[in-house]
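A closer look at the structure
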Amino acid sequence: MTYQTINPYSNEVEKTFENTSAAEVEQAIVSARQLYLKWRTGDDLAARKAVIVKLGQLLRERRTSLAELMTRDMGKLIGEAEGEVDLCASFCDYYVEHADEFLAPQPIYTNSGNAHILKQALGVLMAVEPWNFPFYQIARVFIPNFLVGNPMLLKDASNCPTSAQAFADLVLEAGAPKGALTNLFVDYDQVAAIIADSRIAGVCLTGSERGGRSVATEAAKSLKKSTLELGGNDAFIVLEDADWDQLAQIAPQARLYNAGQVCTSSKRFIVPEARVDEFVEILKAAFKQVKMGDPMDRSTTLAPMCSKKAKEKLTKQVQTAIDNGAKLEYGFEPVTELAGQFFMPTILTGITEDNPLFDQEMFGPVAVVYGYQTESEAIALANNSSYGLGNTVFGSDIAHAREVAAQVESGMSWLNAGWASLPEIPFGGVKNSGYGRELSEIGFTEFVNQHLVYEVE
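A short tour of the structure in this document, coming up. Note that this is a predicted model, so its numbers are computed, not measured. (Residues numbered from 1 in each chain as written. Predicted model: local features only at pLDDT ≥ 70, side-chain atom pairs only at ≥ 80, totals over all residues. Heavy atoms only, no water.)

**Thoughts on helix α11 (residues 308-323)**
For α11, built from 16 residues, the straight-helix expectation of 22 Å at 1.5 Å per residue is met to within 8% by its first-to-last C-alpha distance of 22 Å. Among all positions in α11, only Ala 310, Leu 314, Gln 317, Val 318 and Ala 321 are buried. Buried residues in α11, looked at end-on, bunch into an arc of 95°, giving them a common side. Pointing more than 90 degrees away from the buried face of α11 are the exposed residues Lys 308, Lys 309, Lys 316 and Asp 323. On its buried side, α11 packs onto β13 (346-349) and β14 (366-372). Gly 325 sits one or two residues past α11 and shows a positive phi near 110°. (Helix = DSSP H or I, 4+ residues; strand = E, 2+ residues; numbered from the N terminus. Expected span 1.5 Å × (residues − 1). Buried < 20%, exposed > 50% of the residue type's maximum accessible area, 1.4 Å probe, protein only. Arc of directions from axis to C-beta. Contact = heavy atoms within 4.5 Å.)

Below you can see the structure in the form of structure tokens.
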């Protein structure tokens, strides 16, 4: 596997990294295991909290320079990349503030004796992370597990190696001991061998459905705990009483943020049949206003896709949808005036259940619009998916919007808003979108040994 930064705006290879050898992997496991054992027998939480405080400071101090690394790796707008650094720093604040609370023994009251739950580290973890949020994806698994006392090995996406290594280096600079977070440039066979190693306690992955199946299989073979955050084909249900002025402000950005390369971005817009044309015009007006260009230029509003491969895949998907009866409402024209991996924002309607793209995630700036006659039909359409990551329900009657959201088979719902990620709210899905949660107290304790201690009176 080749680890390279290929700038998707210039198409230039900016940096190449050597693959991690078997001996280097072994040393990484040894260091992480030794650190776990040290933490397991000592109370180092205060020291670990100090490291995360310093990490937050470094993230804020180097906000723009770190953001530039992500933009060069995978092409995101510089402003969006800076926002990602800010979000990672907020994780530092939140988990340092709540670590003692989340790790405090939990008493259980019984009639027969005394009991409590100890919150203890589980061991060394293997993290397999994607390219679309190069810092955020690492931060949301590393920071809580570092505070718990679980050292981490990292295999990041091959197209954002500079960002991954920069984050690992920043952790060391913040004062973390060797073995706390080790970035590895390994292939999938090496990942499988690491997961199978008896010194590894668990594995977390954010990525494709295919990658999730592979990692979950390897973890199951060795009876290892795993968490998976996989793809999504999120529905955006517009109710009859929706505020259309507000809708026009939110719906386009819910699809175009990060060039549409977000697992939880809205991909299927489900609108009252009588207003489908009106909704398409709203999207079209917004999509026509985007400015494609250098993602380092703060006037650019739509970044290139992350790679040539990703652009080619999305192009093939859209063409397949059209060949099988979908109607092209807007877009899907080659972007010839720019050299980078740009994809013109596209709107499709008329994708029926027998279309091969009906149950596929299109990871890029492509919006699919559906019409519905009844609310129950809208909910059924939203649930007619193998995915179940997130969804949006848009309506003025919040109580009713909540009732609709409760009927959608997903791990997360947002009312009158696009997707959101905050340290205090859990993140994860159901069905083929994976299992387990990250962020919040739920994510903090995913890889915690809930150790019961029971005393008979």
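The rest of the description comes next.
**With respect to the sheet that holds strand β16 (residues 390-394)**
Sheets are built from strands paired through backbone hydrogen bonds, the pairs being either parallel or antiparallel. Strands sit in the order β12-β13-β14-β11-β10-β16-β17 across an open sheet of seven strands; the sheet is mixed. In this open sheet, the two strands that pair with only one neighbour each are β12 (327-330) and β17 (412-415). Within the sheet, the average angular offset between the axes of one strand and its neighbour, ignoring direction, is 25°. Two strands pair when backbone bridges link them, and strand β10 (residues 235-238) and strand β11 (residues 268-272) are joined in this way by three bridges, in the parallel orientation. The partner of Ile 237 across the bridge, within β11, is Ile 270. Against the sheet, helix α13 (residues 398-405) engages β10, β16 and β17, with an angle of about 160° to β17. (Pairing = 2+ DSSP bridges. Axes fitted to C-alpha atoms, helices over the stretch in contact; angles between N-to-C directions.)

**A few points about the sheet that holds strand β3 (residues 106-109)**
Here three strands make up an open sheet; going across it, the order is β3-β4-β20 and the pairing antiparallel. Strand pairing shows two members of the sheet lacking a second neighbour, β3 and β20 (448-456), which therefore form its edges. Pairwise comparison of adjacent strand axes, ignoring direction, gives a mean angle of 25° for this sheet. In this sheet, β20 lies alongside strand β4 (residues 113-121) in antiparallel orientation, the contact comprising nine bridges.

**A closer look at the pairing of β14**
Both faces of the sheet carry side chains from a regular strand, because those side chains alternate between them. β14 sits mainly inside the fold: six of its seven residues count as buried. Bridge count for β11 against β14 is five bridges, and the pairing is parallel. Bridge pairing in β14 links Arg 268 to Val 368. Relative to β14, β13 runs parallel, the two being bridged by four bridges. Bridge pairing in β14 places Ile 347 opposite Ala 367.

**Remarks on the packing of helix α9 (residues 244-256) against helix α10 (residues 276-288)**
Relative orientation of the contacting elements α9 and α10 amounts to 60°, with a least axis distance of 9 Å. When the interaxial angle is binned, α9 and α10 end up oblique. Read as a crossing pair, α9 and α10 show a hand that is right-handed. Within the contact between the two elements, α9 uses Trp 244, Leu 247, Ala 248, Ala 251, Pro 252 and Leu 256 and α10 uses Glu 278, Phe 279, Ile 282, Leu 283, Ala 286 and Phe 287. (Parallel < 35°, antiparallel > 145°, perpendicular 65-115°, else oblique. Left-handed = near helix turned anticlockwise from the far one by under 90°.)

**Some thoughts on the packing of aromatic side chains**
Evaluated as defined, the whole model comprises 22 aromatic pairs. Considering the side-chain rings of Tyr 94 and Phe 102, the 6.1 Å spacing of their centres and the 55° angle between planes classify their relative orientation as tilted. Phe 102 shares its class with Tyr 94; the two are buried. Centroid distance Phe 133 to Trp 419: 6.1 Å. Interplanar angle 70°. Geometry classified as edge-to-face. Linking Phe 133 in the loop between β5 (124-128) and α5 (136-148) with Trp 419 in the loop between β17 and β18 (430-431), this pair joins segments that are 286 residues apart in sequence. Exposure remark for Phe 133: the relative accessible area of 8% places this residue in the buried category. Ring pairing ties together the aromatic residues Trp 39, Phe 135, Phe 142, Phe 146 and Phe 167, which thus form one cluster. Here Arg 48 stacks its cationic end above the ring of Trp 39, 4.9 Å away from the centre of that ring. Sitting above the plane of the Trp 244 ring, Arg 275 keeps its charged end 3.9 Å from the centroid. (Phe/Tyr/Trp six-rings, centres within 6.5 Å; stacked < 30°, edge-to-face > 60°. Lys NZ or Arg CZ within 6 Å of the ring centre and 35° of its normal.)

**What to know about the side chain of Glu 84**
As for its position among the elements, Glu 84 is in helix α4 (residues 78-103). A relative accessible area of 4% places Glu 84 in the buried class. From its side chain, Glu 84 meets the backbone nitrogen of Tyr 136 in a polar contact 2.9 Å long. (Polar contact = N/O pair within 3.5 Å; in protein donor to acceptor, adjacent residues only side chain to side chain.)

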